[in-house]
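# What the coordinates show
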Amino acid sequence: MSYKIAVIGAGVQGLASALCLSQQFLHSHITVIASEFYPETRNICSSHGLGLVISTTVGEMGNEDITDYIVTTMKYCSSFKKDYGKIAGILPIETILFCNGKEGLQMCAKDQQKLGFQRLSDDEAKPYDYIKDNGAKLFHDFRKDHLTVYKMTSYVIDCNRYLTWLKQKLESTVDSNGSKRISFQSRHVESFAELAPFYDLVINCSALGAKYLANDNNVVPIRGQYVSVAAPFVDKVYMAGETIVIPRCDDVGLGVTAQVGRSDIDPDPKDSDDIRRRCEALFPPIKNAKLRYSNVGIRPARIGGARVELELVNLNSTVSSKLPVIHNYGHGTKGFAQHWGCAQKVVKLASQALSSSFKL
């Protein structure tokens, strides 16, 4: 059957959801609705990130589904061949992770195995003994005897390249007659009710806007500042707590801050200085790397983790009328890491919502 589907939001969640839906519902038309689109406007939060597909902790901004979402995204990233992956901005990368805790990585053994973490032996970790001298700059209450080192193969998604690639994929999607199946509308959506007369299903990827659109007070901003440097000699990701050195397609990102509740977007020189100090402790050769720029992205987080679920939204309190809405927001600092897993779940929920047996 043919359906009309609206996707609210043109960040990585919205575009990935639209692409997955287009591949599942081949005879349907999808409209991506957003107040701004990349690259025409560069204020989209998804364009201001480091894009590492990884998880090391869950915390209050995560939930029990996060590992499976990330594993699905990793499998998707692994399908990209090297040359094509560079066009899309997706590259495999070896990641070295330092932990400061007696028990090592704060993640259950099952999730560690799913994500491919391997704890290094003392001999394997010797090249990183310098962290024992620098650890106080990277961790609170650092103890040398609690330092553990892990490695894994992950993926870096160059946010700007990937958003461009996703939008081009959507723009080139046509039906058997050569007509475009996906359209784009630049507008602000204030309520689901305004979409109900025109669409059979709505996907809510409105990021921070979900606080008001979905009346979700658990949505909170997290201010993430990072620094871009020229350092082509970096060939691995290095991580320790909130400190990261990450090679990307065209630069190396140094980060980060994770300031919950803040949404100011001007780079703070003090934050940039602190980031560089920490990154030099993490990976000393980065010290003389040439500064390119500092950047800030506001991460749309949610207490309790990403909300990916189907809701029947009441359109009018006096009329028995409901609109199926699939929420996909609140991914926080792990938006790119979770995006394909969440988009796949959106497709499953859409199949349920649009099935003939589904009762409104």
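For the structure, check the block above.
Residues numbered from 1 in each chain as written. Predicted model: local features only at pLDDT ≥ 70, side-chain atom pairs only at ≥ 80, totals over all residues. Heavy atoms only, no water.

Attention now moves to the side chain of lysine 334. Tracing the sequence through the fold places lysine 334 in the loop between β16 (319–329) and α10 (335–354). Setting aside residues up to four positions removed in sequence, lysine 334 forms contacts with Ile54, Ser55, Thr57, Ile66 and Ile70. (Helix = DSSP H or I, 4+ residues; strand = E, 2+ residues; numbered from the N terminus. Contact = heavy atoms within 4.5 Å.)

So, on to the pattern of salt bridges. Per the counting criterion, the structure on display carries 18 salt bridges. A salt bridge links glutamate 309 to arginine 307, with the nearest nitrogen and oxygen atoms 2.6 Å apart. Look at glutamate 309 and you get partly exposed, because its relative accessible area is 37%. Among the ionic pairs, arginine 307 bridges to glutamate 311, the shortest N-O distance being 3.3 Å. Bridged by salt links that share partners, the residues Arg223, Arg262, Asp264 and Asp271 form one connected network. (Salt bridge = Lys/Arg side-chain N within 4 Å of Asp/Glu carboxyl O. Buried < 20%, exposed > 50% of the residue type's maximum accessible area, 1.4 Å probe, protein only.)

What follows concerns the packing of helix α1 (residues 12–24) against α10. Packing of α1 against α10 brings their axes to within 8 Å, and their N-to-C directions diverge by 40°. By the angle between their directions, the pair α1 and α10 is classed as oblique. Between α1 and α10 lies a crossing whose hand is right-handed. Contact residues: Val12, Gln13, Ala16, Ser17, Leu19, Cys20, Leu21, Gln23 and Gln24 in α1; Gly335, Phe336, His339, Trp340, Cys342, Ala343, Gln344, Val346, Val347, Ala350 and Ser351 in α10. Tallied by class, the residues present in the contact of α1 with α10 amount to 12 nonpolar, 8 polar and no charged. (Axes fitted to C-alpha atoms, helices over the stretch in contact; angles between N-to-C directions. Parallel < 35°, antiparallel > 145°, perpendicular 65-115°, else oblique. Left-handed = near helix turned anticlockwise from the far one by under 90°. Nonpolar A, V, L, I, M, F, W, Y, C, P; charged D, E, K, R; others polar.)

Before going further, it helps to examine helix α7 (residues 159–171). Helix length check: α7 (13 residues) gives 18 Å between terminal C-alpha atoms against 18 Å at 1.5 Å per residue, within 8%. Where α7 is concerned, the buried positions are Cys159, Tyr162, Leu163, Trp165, Leu166, Lys167 and Leu170. (Expected span 1.5 Å × (residues − 1).)

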